[in-house]
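# Fold and contact review
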Amino acid sequence: MAHSTLKSSYQKLTDRLNQFPQGAPPSDLLYAILRVLFSEKEAGLVSLLPIKPFDTAKAALLWHLEKGEAQKILDELASRAILMDIVRDDGTAIYCLPPPMAGFFEFSLMRIRNDIDQRALSELFHQYMNVEEDFIKALFADGITQLGRVFIQEPQIPQDPVLEVLDYELASGVIRSASHIGVGMCYCRHKMSHAGTVCDAPMDICMTFNSTAASLVKYGHAQAIDAAECIKLLDKAYEHNLVQFGENVQRKVAFICNCCGCCCEALLAQRRFGSLHPVQTSNFIPLVNADLCTGCGKCVNACPIAAVALVTARDPRRPSRRTAKILTDICLGCGVCARVCTAGALAMKTRQRKVITPVSSTHRVVLMALERGKLQNLIFDNKVLFSHRALAAVLGVILKLPPVKQLMASEQMRSRYLVALLEKIRL
């Protein structure tokens, strides 16, 4: 009976997690992970929470508890980075349950903790993500709109007076515009350290911003730093040929990870499923000058996703001569290869087709939900919509979508109200 009760509680939590576009496929490994992070009671309570942010009164209502008791539970969950608490301009707090990734899976390893067995948790994460693979495929290989995007290493941006690079395309622009900045331990390398296979890349270099940083810093999961300190960490990441992988939005970016190709989940996913484009590229791509290329292979060794190869130079006078070739279909445009090229044979150029970045997290979540068949969860679940403003934000994004995606939205939800809105907006 006890086993049945536990499974029921964690199954409900799993169902709740999978209402969001970034879900977590159910498995025994997932239940084991959730048991490390949540008590049975907490799993049952969290399974009742809305997708969109909520306040203490809403949680108390859903949990059938007094407001004071609900507040204690919310604060306890926030202290362990299970929930994010966000302080609004008027000083009141709202809460939200982040997705597993980028979210409470990662936050559990962003600092050394004694309240959970981080070694056992790391092993479970590795098995769930790298052996079963269903989670990583669902996270990175489903849909067109992706969770994260790559930033080009800024010293490699072409010096072209005509070229316009917007602030949101630059990691330094995200850093300088952030209201709060936190730095924590790299989840991926921390996890691999427990397996004894971690590389020598810097560990304390995971950057968080804005309300996410404020919550993580408040409870000690990240250390508060200023923009100048964060820029120095960015330079340190460049020196170690790390790739800047951040939230795929233009405004109020929540995180930028500095990723290696051997430990980090996003780049490992790009290696395995590159043809499915699991990571959004930058607006740049390297160009090889075959006349300057010496075939030394430095770019091949440095590329974290194996997007550079050495091929024959087709030089009849030097049949053994080789030159670098960029595998453009999987290249992320990070600029690492151009940085390590001492011959000056690699230079970044703009892609022919401009990469489109969702404006906000609401925009991205709606697109991801639309593409993954989960849009109805955002619209019709009353637990999701804690206010008319949240509903307006979701519908506002839908009404700005291209006609084909609007049609997909109406087919998924089969809502006369939404269809009427979409018809009206076309007039």
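Model, not experiment: these values are computed from the prediction.

A few words on the overall build of the chain. What the chain contains, in helices and strands, is 20 helices and twelve strands. In the chain, which comprises 427 residues, the proportion classed as buried is 55%. Summed over its atoms, the accessible surface of the chain is roughly 19,700 Å², and 54% of this surface lies on carbon and sulfur atoms.

The next subject is the pattern of salt bridges. Per the stated rule, a full pass over the model turns up nine salt bridges. A salt bridge links Glu 42 to Arg 80, with the shortest nitrogen-to-oxygen separation between them at 2.8 Å. With Glu 42 in helix α3 (residues 40–46) and Arg 80 in the loop between α5 (67–79) and β1 (84–87), this residue pair connects regions lying 38 residues apart in the sequence. When its relative accessible area of 15% is taken as the criterion, Glu 42 is described as buried. Taking the shortest distance from any N to any O, the salt bridge between Glu 169 and Lys 354 comes out at 3.6 Å. Residue Glu 169 is found in the loop between β3 (148–151) and α9 (171–177), and its partner Lys 354 is found in the loop between β12 (346–350) and α16 (361–371); the two are separated by 185 residues along the sequence. A relative accessible area of 8% means that Glu 169 is categorised as buried. Each of the salt bridges in this network shares a partner with another, and the network as a whole consists of Glu 42, Glu 76 and Arg 80.

Before going further, it helps to spend a moment on the sheet that holds strand β4 (residues 181–184). With respect to topology, six strands assemble into an open sheet ordered β3-β7-β8-β5-β4-β6, the strand pairing being antiparallel. In this open sheet, the two edge strands, each paired with only one partner strand, are β3 and β6 (223–224). One ladder, built from two bridges, connects β4 with β6; its direction is antiparallel. Its bridge partner lying in β6, Val 183 is registered against Gln 223.

Moving on: helix α12 (residues 227–239). A rise of 1.5 Å per residue sets the reference length of α12, with its 13 residues, at 18 Å; its end C-alpha atoms lie 19 Å apart and thus fit the reference within 8%. Of all the residues in α12, the buried ones are Cys 230, Ile 231, Leu 233, Leu 234, Ala 237 and Tyr 238. Seen from one end, α12 has its buried residues packed into an arc of 155°, which puts them on one side. Facing away from the buried side of α12, by more than 90 degrees, are the exposed residues Lys 232 and Glu 239. A side-chain oxygen of the first residue of α12 lies 3.2 Å from the backbone nitrogen of Ala 228; this N-cap is Asp 226. Immediately beyond the C-terminal end of α12, within one or two residues, lies Asn 241, with a positive phi of roughly 55°.

The residue after Met 101, namely Ala 102, is reached through a cis peptide bond having omega -10°. When you line up the elements, Ala 102 lands in helix α6 (residues 100–107). With a phi close to 70°, Glu 133 is a non-glycine residue in the positive phi region. With respect to the secondary-structure elements, Glu 133 resides in the loop between α7 (118–132) and α8 (134–140). The phi torsion at Lys 252 lies on the positive side, around 55°, for a residue other than glycine.

When you line up the elements, Ser 108 lands in the loop between α6 and α7. A distance of 2.5 Å separates a polar side-chain atom of Ser 108 from the backbone oxygen of Phe 105. Here Ser 108 is in contact with Leu 37, Arg 113, Ile 116, Gln 118, Leu 121 and Phe 125, once residues within four sequence places are set aside.

Moving on, we get to the environment of Asn 258. Among the secondary structure elements, Asn 258 is positioned in strand β8 (residues 255–259). Spatially, the C-alpha atom of Asn 258 lies 9.3 Å from that of Ala 201, the residues being 57 residues apart in sequence. In contact with Asn 258, other than residues within four places in its own chain, are Arg 189, Ile 205, Met 207, Leu 234, Ala 237, Leu 242, Val 243 and Gln 244. A distance of 2.9 Å separates polar atoms of two side chains, one belonging to Asn 258 and the other to Gln 244.

To continue, consider the packing of aromatic side chains. Applying the stated criterion across every chain yields a total of eight aromatic pairs. With 5.6 Å between their ring centres and 70° between their planes, Phe 125 and Tyr 187 make a pair best called edge-to-face. With a gap of 62 residues between them, Phe 125 in helix α7 and Tyr 187 in helix α10 (residues 187–195) connect regions that are remote in the sequence. Through a chain of ring-to-ring contacts, the aromatic side chains of Phe 38, Phe 104, Phe 105, Phe 125, Tyr 128, Phe 135 and Tyr 187 assemble into a single cluster.

Reading the values: rules and limits
- Residues numbered from 1 in each chain as written.
- Predicted model: local features only at pLDDT ≥ 70, side-chain atom pairs only at ≥ 80, totals over all residues.
- Heavy atoms only, no water.
- Helix = DSSP H or I, 4+ residues; strand = E, 2+ residues; numbered from the N terminus.
- Buried < 20%, exposed > 50% of the residue type's maximum accessible area, 1.4 Å probe, protein only.
- Areas by Shrake-Rupley, 256 points an atom, 1.4 Å probe, with all protein chains shown as cover.
- Salt bridge = Lys/Arg side-chain N within 4 Å of Asp/Glu carboxyl O.
- Pairing = 2+ DSSP bridges.
- Expected span 1.5 Å × (residues − 1).
- Arc of directions from axis to C-beta.
- Polar contact = N/O pair within 3.5 Å; in protein donor to acceptor, adjacent residues only side chain to side chain.
- Contact = heavy atoms within 4.5 Å.
- Phe/Tyr/Trp six-rings, centres within 6.5 Å; stacked < 30°, edge-to-face > 60°.

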